[in-house]
Amino acid sequence: SIEMTLVKELVLKRGVPYLGLCRGSQLLNVAMGGTLYFDIATETGSTIPHIDYQNYDGHRHALSVRPDTPLSGWFREQFQGLPATADARLNVNSYH
């Protein structure tokens, strides 16, 4: 697609700044070799509820953050006191 070509050629090869929101972040993830699941439960076997129609805007679920990742660094203060090898947990929404 033209979107993928633009991300690979302009953003990744030439270093053009890119703010990827929603589909844009998914596109960048795939362009860099990441995975994208259309239906998490079907494709991964996950039993974690990712949407709750009765609490649509308020529903969150926990995820583990590996200590050796940029995300862990961004939440360093929140994770202080955990052993260096422990996965920290964040509550996120994934209904969008």
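All figures in this text were calculated on a predicted structure; none of them were measured in a lab. (Residues numbered from 1 in each chain as written. Predicted model: local features only at pLDDT ≥ 70, side-chain atom pairs only at ≥ 80, totals over all residues. Heavy atoms only, no water.)

Topic: the pattern of salt bridges
(1) Moving on: Counted under the stated rule, the structure contains three salt bridges.
(2) Moving on: In this structure, Lys13 engages Glu9 in a salt bridge whose closest nitrogen and oxygen atoms are separated by 3.2 Å. Separated by four residues within a single helix, Lys13 and Glu9 lie in helix H1 (residues 2-13), roughly one turn from each other.
(3) Moving on: Here Asp68 and Arg66 are joined by a salt bridge, their closest N and O atoms 3.3 Å apart. (Salt bridge = Lys/Arg side-chain N within 4 Å of Asp/Glu carboxyl O. Helix = DSSP H or I, 4+ residues; strand = E, 2+ residues; numbered from the N terminus.)

Points about the layout of surface pockets
(1) Moving on: Approximately 840 Å³ is the volume attributed to the largest pocket.
(2) Moving on: Lining the largest pocket are 20 residues, and of these Gln26, Leu36, Tyr37, Ile40 and Ser94 lie nearest its centre.
(3) Moving on: Contributing elements (two or more residues each) for the lining of the largest pocket: helix H2 (23-31), helix H3 (40-44) and strand S1 (61-65).
(4) Moving on: When grouped by side-chain class, the residues that make up the lining of the largest pocket number nine nonpolar, 10 polar and one charged. (1 Å grid on protein atoms, 1.4 Å probe; cavity = no way out; pocket = protein on both sides within 12 Å on 5 of 7 lines; lining within 4 Å. Points joined across faces, edges and corners; volume = space filled by probe spheres on them. Nonpolar A, V, L, I, M, F, W, Y, C, P; charged D, E, K, R; others polar.)

Focus: H1
(1) Moving on: Compared with the 16 Å implied by 1.5 Å per residue over 12 residues, the 15 Å span of H1 between its first and last C-alpha is a close match.
(2) Moving on: Restricting attention to buried positions, one finds in H1 the residues Met4, Val7 and Val11. Along H1, the residues classed as buried sweep out an arc of 85° about the axis, all on the same side. Away from its buried face by more than 90 degrees, H1 exposes Ile2 and Lys13.
(3) Moving on: Its buried side turned inward, H1 meets H2.
(4) Moving on: Phi turns positive one or two residues past the end of H1, at Gly15, with a value near 75°. (Expected span 1.5 Å × (residues − 1). Buried < 20%, exposed > 50% of the residue type's maximum accessible area, 1.4 Å probe, protein only. Arc of directions from axis to C-beta. Contact = heavy atoms within 4.5 Å.)

Observations concerning unusual backbone geometry
(1) Moving on: The backbone of Cys22 sits at a positive phi, close to 55°, despite the residue not being glycine.
(2) Moving on: With respect to the element layout, Cys22 can be found in the loop between H1 and H2.
(3) Moving on: Looking at Cys22, the relative accessible area reads 41%, which means it is partly exposed.

Focus on the nonpolar core
The nonpolar side chains of soluble globular proteins are, as a tendency, buried together.
(1) Moving on: Counting five residues, the largest nonpolar core is built from Met4, Val7, Val11, Leu27 and Ala31.
(2) Moving on: Every element with two or more residues in this core is listed here: H1 and H2.
(3) Moving on: Broken down by element, the residue count for this core peaks at three residues, all from H1. (Core = buried A, V, L, I, M, F, W, Y, C linked by side-chain atoms within 4.5 Å.)

Details of the packing of aromatic side chains
(1) Moving on: Under the defined criterion, the tally for this structure stands at one aromatic pair.
(2) Moving on: Centre to centre, the rings of Tyr53 and Tyr56 are 6.2 Å apart; their planes meet at 15°, and the pair counts as stacked.
(3) Moving on: Its relative accessible area of 36% is what places Tyr56 among the partly exposed residues. (Phe/Tyr/Trp six-rings, centres within 6.5 Å; stacked < 30°, edge-to-face > 60°.)

Interpretation in functional terms is not warranted from these geometric data alone.
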